[in-house]
Every structure is written in structure tokens, then in C-alpha cells.
Amino acid sequence: MLLHDYSEEAEKDFLKLESQLQSYFKKHVEKLCSMPPRRHMRKGLRYYVEEVTKQARLVYDLVDGGSVLFVVRCFALHKEYEKWCKSFK
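Residues numbered from 1 in each chain as written. Predicted model: local features only at pLDDT ≥ 70, side-chain atom pairs only at ≥ 80, totals over all residues. Heavy atoms only, no water.

Looking only at helices and strands, one finds three helices and four strands in the protein chain. What you see for the protein chain is a C-alpha radius of gyration of 12 Å, in line with the 12 Å of a compact globule of 89 residues. For the protein chain, the spread of C-alpha atoms along the principal axes amounts to about 35 × 30 × 25 Å. Long-range pairs, those at least 24 residues apart, make up 46% of the contacts in the protein chain with a sequence separation of at least 6. Of the accessible surface of the protein chain, which amounts to about 5900 Å², a share of 51% is contributed by carbon and sulfur atoms. Computed over 17 positive and 13 negative side-chain charges, the inter-centroid distance for the protein chain is 8 Å. (Helix = DSSP H or I, 4+ residues; strand = E, 2+ residues; numbered from the N terminus. Rg over C-alpha atoms; globule rule 2.2 N^0.38 Å. Contact = heavy atoms within 4.5 Å. Areas by Shrake-Rupley, 256 points an atom, 1.4 Å probe, with all protein chains shown as cover. Lys, Arg positive; Asp, Glu negative; His and termini not counted. Charge placed at Lys NZ, Arg CZ, Asp CG, Glu CD.)

Among the seven residues in strand β3 (residues 57-63), five count as buried, and that is most of the element. Looking at chain direction, strand β2 (residues 48-51) and β3 are connected through four bridges and run antiparallel. Counterpart to E51 in the pairing with β3 is R57. Once β2 ends, the chain turns through five residues before running back antiparallel as β3. Linking β3 to strand β4 (residues 68-75), which pair antiparallel, is a turn of four residues; within it D64 sits at a positive phi near 55°. (Buried < 20%, exposed > 50% of the residue type's maximum accessible area, 1.4 Å probe, protein only. Pairing = 2+ DSSP bridges.)

In this structure, F25, V29, L58, Y60, L69, V71 and C74 are the most contacted members of the largest nonpolar core, which totals 17 residues. Among the secondary structure elements, those contributing two or more residues to this core are α1 (8-16), α2 (19-34), β3 and β4. In terms of residue count, α2 provides more of this core than any other element does, five residues in total. Ignoring any residue separated from it by four or fewer positions in sequence, one finds F25 in contact with F14, L17, V52, A56, R57, L58, C74 and F75. (Core = buried A, V, L, I, M, F, W, Y, C linked by side-chain atoms within 4.5 Å.)

If you want it as C-alpha cells, here you go:
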């Protein structure tokens with residue numbers, strides 16, 4: 001089972017979410033800590049992305065040789081996630 005940590009941006013994002021969505025994000029982080037990563041982001045970025053709900057996205061990375069799941073960002077809306085992705089172009 002992996003340990004997990006949050007970036008400052010992810011903590012801010014998480015605190016802005018409504019409580020039900022926060023609960024979903026917590027459950028997904030716990031699930032990801034017990035299961036291997038699923039899907040890399042496009043465009044060769046090292047981050048992974050997980051769909052929390054139909055709209056919400058969790059962006060994370062594996063650090064310290066894959067022993068720590070590091071949450072990079074939490075997005076409540078897919079539109080916010082897409083905007084963030086475009087910043088890498």
C-alpha cells in the first residue's frame with residue numbers, strides 16, 4: 001500500500017470542493033494507494049489522471065521510487081481540468 005501526500009495547489013483545490021465531492025476524492029486516493037496507476041495523461045506528461053465522477057478529475061504522480069502517491073491537483077469540473085492541461089502546450 002502506498003503512502004499519499006498533496007501539493008499545496010491540491011490542498012487548496014480540495015478545500016474548495018463540497019463535502020460530498022471531498023468524500024469521493026478521499027475514497028479514490030485510498031483506492032489508488034492500494035491499486036497500481038491506471039492512465040497516464042496525454043502529451044507525454046508524467047502525471048496520471050483518475051476520473052472521480054463524470055466531471056471531477058484527480059491528477060497525481062508516483063514519487064520516491066513509486067512508494068508515495070503525490071496528488072498534484074483536484075478538479076471539480078472537467079472544463080477546469082482541460083484548461084489546466086492546455087497550460088502545458
